[in-house]
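Chain and residue survey
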Amino acid sequence: MAVSAAAGSQGLWFLSRGSGLVLLALFSAVVVLGVATRTGSAPRRWPRFAVAELHRTLSLFAVALLVLHVVTAILDPFVTIGWAATVLPFASPYRTLAIGLGTLAVDLGGAVVVTSLARQRLGHRAWRAVHWLAYLAWPAAFLHSLTAGNDLGIWWVALIEVASAAAVATAVLARLFGRDREGPPTSGPGPRRPLADDPRLTPARPTASAS
Amino acid sequence: MNTLDSGQHLVRGATPVQAGRFPRLLPERFGGEPASLEEHVTRYGQLPRGGEAGAAGRDAPVVVANGTEGEPASAKDKVLLACAPHLVLDGAVLAADMLGARQAIVVVHDAVREVVDSAAAERRRARLDRVKVKVMTGADRFVGGEASALVNWVAHGIPLPTATPPRVSECGLLSRPTLVQNVETLAHLALIARWGARWFRSLGTTAEPGSMLVTVIGAVRQPGVREIEIGTPVNEVLGLAGGPAAPLGALLIGGYFGTWADPAVAGPLPFSAEGLSAVGGSPGAGLVAALPADVCGLAETARVARYLADESAGQCGPCVFGLGSIAGALADLAAARRYEPGRLRRWMAQTEGRGACHHPDGAVRMVRSALAVFGAEIDRHAQGWCCGRRPPGVLPVPLRRSP
Amino acid sequence: MTTGPRLRVNPIACDGRGLCAEVLPEMITLDDWGFPIICDAEVPPGLLDEAAEAVRLCPRLALRLDHGARAPAAPQPRGADQGQDHRLCPAAVPPDGMRSRYLRR
């Protein structure tokens, strides 16, 4: 009984850590796709709506996986995190900072997801203001993944961490410095050269054969 | 039809502006002829749905008088406000009374701000109006005169059009039904109220009674603002300005959103909406620009098109990119570099009707008329010739002072 | 006078992202600068799903489906030099666009 309980809790712990890693990869992919939707920098063959829909679908899948990740972590009998810590940051007695970062990511990400689902009713401006929080949620999740797990020694875990960070960093840099379609410029171009100065506007030079 | 000397009808109807001496507008004056007033107001704009029942409280409509005159070639609103500010203020107050509004905001060009300010101050001292009159300076911006842009300027200091629906006549300043009227229309209103509809109808045509102000510029001996009876032939309008100073190549009628016309064709036409429709034009902002034959019409058109492209509010892609491309193509055409008619036609079709306001539509209308009227010149440019012996510059395209 | 549903775009909000034209090429094409040209005819019942999808997908919420909207003003008569009408309407055969490859009916 004790053995199976121990084995069960081991299972919960593995599930929690495993789902956490997958979540990190997913969340990173969602952020990269979100940036790609905005800057239109997806591969040429991909229609923009497909990138947008993939971003949306993956984020909803991530929410489902997040539930698994959080529930398995809370139910694990070897560590006491407490249900309050699912929404209140830094309320867990076990590894307060690390879990707190995770909770922060859940809160911020949750706000992003909820406002996105209600986008039509909220209007563009309100939705956009909240959506910026995603750029805070991802670092929180990333730091949580670094500090809450013990597995950085395993090479493929480290690989996932590095790859996720690299992907998101590239996407963010592309967003900051890349040429994206921001829409029409808000003011006209600089001082224009009046046509009267254009020397070609005086009578055009007649061709030699003109009668 | 009698030819009016400048300033007879409209300004004669105005009382001399001397402190303390202006007539009080008695309700009977306009109570007897409400139909003509409303007709007049509705002809030039949309009557706000606030209704003339005079609903007090939050739904009370607002009147905004548009004297910004963003059109650089036109000067009639400035002249009217400088010569007869009380007439315009009377009209604004009248319109407000008619609609049950409690506030009238008069937005004027910077050049005449002081005059209008002092006129409004005189009225306040004499406690003449039940309606609160506020005077503001307009933005130095071509699109600032558009109805929703004007409301946006008054409310938020941003002279850019907003998306309609909802229209300003339903939901404008402070979300109230807003009547935006040109100052000349309000001046007409004041005249009708003073002298009656029959007097007003004694001039002009049946469909378009009264007189109007026109600005005549270009190759005429005495350019300036004149008052004409609606329906006066275009040649007579030019005659009032001293007649052509040189043989004319074309006329731009209406404003920068107006239409180019051949002087021989447009000359005999009556200056009225009905008369000018024969050349696809309309009185518009009351501009008649006379282009001399030795200035290239395509070059002038290219300058105006570039000005209009730069003056775009910059909010809608088709306007910014469309007008920009069209202006570039016209510059190429004017410089005899390149002309691709199919591409230009496609751009014009893709630009009009796709903005939030009518700025791109007006610009495309002007360009279309230019391509039609200057067809011979286009052929000459294709062969490397240009009729222009003087550089273009008849039509003013001022650089914006403020961003 | 009410009519069927029509697509309307808010030109100020529109950024020319082009997702709408990918999903509903029968009624929305892109102009030379990437901004949508919306057919102003009624949306036929067979395309209502796609139209709703296009409205949902617009990243700027610039597209909307007006039910029972008033018919737009009749277009001005065009002169012979004004080129053909660029507004695509459902009567046209849908082009073999991406929509048929990525969306299943």
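Residues numbered from 1 in each chain as written. Chains lettered and ligands numbered in written order. Predicted model: local features only at pLDDT ≥ 70, side-chain atom pairs only at ≥ 80, totals over all residues.

**Some remarks on the overall build of chain C**
Along its length, chain C carries three helices and four strands. Along chain C, from the amino end to the carboxyl end, the secondary structure elements read β-α-β-β-α-β-α. Taken across its 105 residues, chain C has 30% of its residues classed as buried. Of all intrachain contacts in chain C linking residues separated by at least 6 positions in sequence, the fraction that spans at least 24 positions is 70%. (Helix = DSSP H or I, 4+ residues; strand = E, 2+ residues; numbered from the N terminus. Buried ≥ 20, exposed ≤ 12 C-beta atoms within 10 Å, placed from the backbone. Contact = placed C-beta atoms within 7 Å.)

**With respect to the sheet that holds strand 4 (residues 178-182) of chain B**
Two pairing modes exist for strands in a sheet, parallel and antiparallel, and in both the strands are linked by backbone hydrogen bonds. Residue and element names in this part refer to chain B. Pairing within the open sheet is parallel, and its four strands lie in the order 3-2-1-4. The open sheet terminates on both sides in strands that have one partner only, identified here as strand 3 (132-137) and strand 4. When the angles between neighbouring strand axes are averaged without regard to direction, this sheet yields 20°. With five bridges connecting them, strand 1 (residues 62-67) and strand 4 associate as parallel partners. By the bridge assignment, Val64 is partnered in strand 4 with Val180. (Pairing = 2+ DSSP bridges. Axes fitted to C-alpha atoms, helices over the stretch in contact; angles between N-to-C directions.)

**Thoughts on the packing of helix 5 (residues 85-99) of chain B against helix 6 (residues 113-125) of chain B**
Residues and elements named next belong to chain B. Following both chains from N to C, one finds helix 5 and helix 6 inclined at 60°, their axes separated by 9 Å at the closest point. Our classification of the angle between helix 5 and helix 6 gives oblique. Read as a crossing pair, helix 5 and helix 6 show a hand that is right-handed. Counted together, Pro85, His86 and Leu89 of helix 5 and Val115, Val116, Ala119, Ala120 and Arg123 of helix 6 form the full contact between these two elements. When grouped by side-chain class, the residues that make up the contact of helix 5 with helix 6 number six nonpolar, one polar and one charged. (Parallel < 35°, antiparallel > 145°, perpendicular 65-115°, else oblique. Left-handed = near helix turned anticlockwise from the far one by under 90°. Nonpolar A, V, L, I, M, F, W, Y, C, P; charged D, E, K, R; others polar.)

**Considering the interface of chain A and chain C**
Listed as interface residues are 12 residues of chain A and, on the opposing side, 14 residues of chain C. Counted by class, the side of chain A that touches chain C contains four nonpolar, five polar and three charged residues.

**Structural notes on the sheet that holds strand 8 (residues 259-261) of chain B**
Residues and elements named next belong to chain B. Pairing in this open sheet of five strands is mixed, and the strands run 6-5-9-7-8 from one edge to the other. The open sheet has two edge strands, strand 6 (224-229) and strand 8, and neither has a second partner. Within the sheet, the average angular offset between the axes of one strand and its neighbour, ignoring direction, is 25°. On top of the sheet, helix 4 (residues 76-83) reaches strand 5 (211-218) and strand 6; it is set at about 125° to strand 5, its chief contact.

**Remarks on the pairing of strand 9 (residues 287-292) of chain B**
Every regular strand shows the same layout, with side chains that alternate between the two sheet faces. All names here are of chain B. Burial analysis of strand 9 places six of its six residues in the buried class, which makes it a mostly covered element. Of the two faces of strand 9, the one carrying Leu287, Ala289 and Leu291 and the one carrying Val288, Ala290 and Pro292 are both buried. Bridging between strand 5 and strand 9 involves four bridges; their strand directions are parallel. Looking across to strand 9, one finds that Val216 is bridged to Val288. Summarising the sheet, strand 7 (residues 248-253) and strand 9 pair through five bridges and their orientation is antiparallel. Looking at the pairing, Ala250 lines up with Leu291 of strand 9.

**So, the packing of helix 13 (residues 297-310) of chain B against helix 14 (residues 317-334) of chain B**
Residues and elements named next belong to chain B. Between helix 13 and helix 14, whose axes approach to 8 Å, the crossing angle comes to 160°. Judged by the inter-axis angle, helix 13 sits roughly antiparallel to helix 14. Between helix 13 and helix 14 lies a crossing whose hand is left-handed. Touching Leu298, Ala299, Thr301, Ala302, Ala305, Arg306, Leu308 and Ala309 of helix 13 are Leu323, Gly324, Ile326, Ala327, Leu330, Ala331, Leu333 and Ala334, all from helix 14. Each residue belonging to the contact of helix 13 with helix 14 can be placed in one class, and the counts come to 13 nonpolar, two polar and one charged.

**A few points about the nonpolar core**
Ranked by internal contacts, the top residues of the largest apolar core, which has 134 residues, are Val63(B), Val64(B), Val88(B), Ala92(B), Val106(B), Val288(B) and Ala289(B). Among the elements that take part in this core, helix 14 of chain B stands out by supplying 11 residues, more than any other. Core analysis: the next-biggest nonpolar cluster, separate from the first, contains 54 residues, Val30(A), Leu33(A), Cys14(C) and Ala54(C) among them. (Core = buried A, V, L, I, M, F, W, Y, C linked by C-beta atoms within 7 Å.)

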